[in-house]
Amino acid sequence: MRATTRPPRWRSCITCDGPGPSPCRRCAALLEPAPIGPLPDGVDALVALLSLEGIGRVLVHRWKFDGRDDALGPLAMALHGQLGASGAPAGLDAVTWAPTAPARRRARGRDQAQALADAVARLADVPLVGLLARAPSRAQTGRSRAERLSGPRFAALASSPPRVLVVDDVVTTGATLAAAAAAAGALRSAGASCVVAAVVARTPLARASPPH
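The sections below set out a description of the structure shown in this document. (Residues numbered from 1 in each chain as written. Predicted model: local features only at pLDDT ≥ 70, side-chain atom pairs only at ≥ 80, totals over all residues. Heavy atoms only, no water.)

### Some thoughts on the overall build of the protein
1) Next: In terms of helices and strands, the protein carries seven helices and six strands.
2) Next: Long-range contacts, defined as pairs at least 24 residues apart, comprise 78% of the intrachain contacts of the protein with a sequence gap of at least 6.
3) Next: Of the roughly 9,900 Å² of accessible surface on the protein, a fraction of 57% belongs to carbon and sulfur atoms. (Helix = DSSP H or I, 4+ residues; strand = E, 2+ residues; numbered from the N terminus. Contact = heavy atoms within 4.5 Å. Areas by Shrake-Rupley, 256 points an atom, 1.4 Å probe, with all protein chains shown as cover.)

In structure tokens, the structure reads:
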């Protein structure tokens with residue numbers, strides 16, 4: 001079942017609170033592109049939009065934690081466009097998402113990765129399919145880097161089509177790279193031959209990782 005996207009309740013920029021679209025032109029011009037980094041094991045391509053710093057950090061935080069879903073449409077459109085320009089394999093059979101932990105989903109009122117995957121799937125005219133389950137784990141926020149490297153992990157819920165796009169929100173430490181690899185491994189074990197990962201933001205490679 002597709003996620004239900006609530007209509008925007010705001011008429012202000014998600015990052016500066018000024019009047020206009022979200023993000024406004026001024027803030028959009030300040031967004032830094034995502035850095036290029038290593039691919040998670042088992043992933044054929046990784047597409048990331050933004051660097052998780054400055055305005056980009058504010059945008060992602062307010063979208064993820066403050067319920068600012070007015071950013072969903074622009075983020076989905078930009079991510080869909082980036083997929084076409086990135087050289088990622090074409091002809092995907094399905095879009096899925098890396099599900100957030102149930103407690104965090106309840107606290108936020110939605111799974112932001114699922115909502116983003118739904119929007120991208122609609123733009124790409126590709127089926128949205130829930131293919132992954134998240135194993136129970138502690139919240140990543142506030143944990144040390146060593147602790148964060150231990151999770152999360154995923155398992156396949158059903159047989160996977162051959163070519164799958166997996167949507168998540170951010171790539172930060174080695175923990176999220178490991179999680180992406182776990183998701184890709186689960187999908188490949190369920191029948192996927194090509195796994196492409198797509199995220200909104202990636203941490204600058206030379207800096208400390210923020211809370212996730």
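Having put the structure on the table, let's press on.
### Re the pattern of salt bridges
1) Next: By the definition in use, this model includes nine salt bridges.
2) Next: For Arg62, the salt bridge goes to Asp66, with nearest N and O atoms at 3.8 Å.
3) Next: Several salt bridges share partner residues, and in doing so they unite Asp17, Arg62, Asp66, Arg68 and Asp70 into one network. (Salt bridge = Lys/Arg side-chain N within 4 Å of Asp/Glu carboxyl O.)

### So, the sheet that holds strand E1 (residues 45–51)
Two pairing modes exist for strands in a sheet, parallel and antiparallel, and in both the strands are linked by backbone hydrogen bonds.
1) Next: Taking strand neighbours across the sheet as the criterion, the four strands line up as E1-E6-E5-E2 in an open arrangement whose pairing is parallel. The sheet is open, and its two edges are formed by E1 and strand E2 (94–97), each paired on a single side. Shown here is a sheet whose adjacent strand axes are inclined to one another by a mean of 20°, direction ignored.
2) Next: Bridge count for E2 against strand E5 (residues 163–171) is four bridges, and the pairing is parallel. Among the inter-strand pairings, Thr96 is bridged to a residue of E5, identified as Val166.
3) Next: Contacting E1, E5 and strand E6 (194–202), helix H3 (residues 72–85) crosses the sheet at an angle of about 135° to E1.
4) Next: On the sheet, helix H5 (residues 112–124) packs against E2, E5 and E6 and is oriented at approximately 135° with respect to E5. (Pairing = 2+ DSSP bridges. Axes fitted to C-alpha atoms, helices over the stretch in contact; angles between N-to-C directions.)

### Looking at the packing of H3 against H5
1) Next: As a packed pair, H3 and H5 sit with axes 9 Å apart at the nearest point and diverge in direction by 55°. Looking at the two axes, H3 sits oblique to H5. With respect to the hand of their crossing, H3 and H5 are arranged in right-handed fashion. In this structure, H3 uses Leu72, Leu75, Ala76, Met77, Leu79, His80 and Leu83 to contact H5, whose residues at the interface are Ala115, Leu116, Ala119, Val120, Leu123 and Ala124.
2) Next: Across the contact of H3 with H5, the residue classes tally to twelve nonpolar, one polar and no charged. (Parallel < 35°, antiparallel > 145°, perpendicular 65-115°, else oblique. Left-handed = near helix turned anticlockwise from the far one by under 90°. Nonpolar A, V, L, I, M, F, W, Y, C, P; charged D, E, K, R; others polar.)

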